[in-house]
Structures are given as structure tokens and as C-alpha cells.
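Below are the chains, spelled out letter by letter.
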Amino acid sequence: EENEALVAMSCLKYDASPLDDARAWFNSGVLLLSAPHAATLLTKIPPAMDFVVLWDQGFLNAMRHSFGHPLHNLGYAFNWLGSFNGSNAERRPMNATDAYMVHATTGLPGYGKDRTEFLGWLDGAWRGGLL
């Protein structure tokens, strides 16, 4: 229900008509676009984004819905959430070292030095220094 409301508000804000399932909402923290889809999604970037519809997420979701572009969930291996190392630890599907991409969300504990140390450690692990 929350996703459906976000899509409806975003489509109204950015003058878009949804052509598909209005419940499908994606987090744009990690976004992979084909060249043809990027060309259509990024044509009408507004000069200012609105925090009510989650900044760029509202705009990109409205554009995706208005063009009817498909949405494919690549899973947590390609969007391991930082909160899996913090506030969302009980839902962690795998270790960060097993993911191909880590999204340093606001749920990732620590700011500044702590966060930098975790990401530095992860980079070393991915490069084979710690595994």
C-alpha cells in the first residue's frame, strides 16, 4: 500500500501516467539501466527533486511507470543493504563479502571513520586480501 501511494504521488508530481502495476517501486540507490531505457528515463530530469517522494526515487519511478519499462529485481547479491550490518541484521541473506555490490544505506552503522573502515575492509575482502 505504501509503494502504491508513493507511485501515485510521484506520477502526480512529475506529470506521468502509470502504464503498469503501480505497486512496483524500486529503491534507486543501486540502479542499472540499458542505454535505450536510460535515454527515456533521464530525458526530463527536473531542476529540483522533492523529499516527499524520496528525491530521485520518485522521479525515476514515475518515469519508469510512464514508459512501462520492465523492472527486474537483481536480488541482494547486487544490492546488499548496509542495514544488513546494523538495524536489519536479522534479515541478512548473506555476508557482505558474498555480494557483488553493497549499498551503503543509512542503516549501515557508523558514520565517518567507522563507515569508512567497514567499506575499506570490504574492499580488501573483495580484492582477496582477507578471504
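My aim in this report is to walk through the structure given alongside it, one point at a time.

Conventions adopted
- Residues numbered from 1 in each chain as written.
- Predicted model: local features only at pLDDT ≥ 70, side-chain atom pairs only at ≥ 80, totals over all residues.
- Heavy atoms only, no water.
- Salt bridge = Lys/Arg side-chain N within 4 Å of Asp/Glu carboxyl O.
- Buried < 20%, exposed > 50% of the residue type's maximum accessible area, 1.4 Å probe, protein only.
- Helix = DSSP H or I, 4+ residues; strand = E, 2+ residues; numbered from the N terminus.
- Expected span 1.5 Å × (residues − 1).
- Contact = heavy atoms within 4.5 Å.

**As for the pattern of salt bridges**
Counted according to the given criterion, the structure contains one salt bridge. The residue R127 makes a salt bridge to D123 at a minimum N-O spacing of 2.8 Å. Using a relative accessible area of 68% as the deciding quantity, one classes R127 as exposed. The class of D123 is partly exposed, set by a relative accessible area of 32%.

**Regarding helix α3 (residues 56-67)**
Note on helix geometry: an α-helix contains 3.6 residues per turn, so any two residues three or four positions apart are oriented the same way. Its twelve residues give α3 an end-to-end C-alpha distance of 17 Å, which sits within 8% of 16 Å, the value for a rise of 1.5 Å per residue. Counting buried residues in α3 gives ten out of twelve residues, a clear majority hidden from the surface. Every buried residue of α3 is listed here: Q57, G58, F59, L60, N61, A62, M63, R64, H65 and S66. Each element contacted by the buried residues of α3 is listed here: α1 (2-13) and α2 (35-41). Directly beyond the C-terminal end of α3, a positive phi value near 70 degrees is found at G68.

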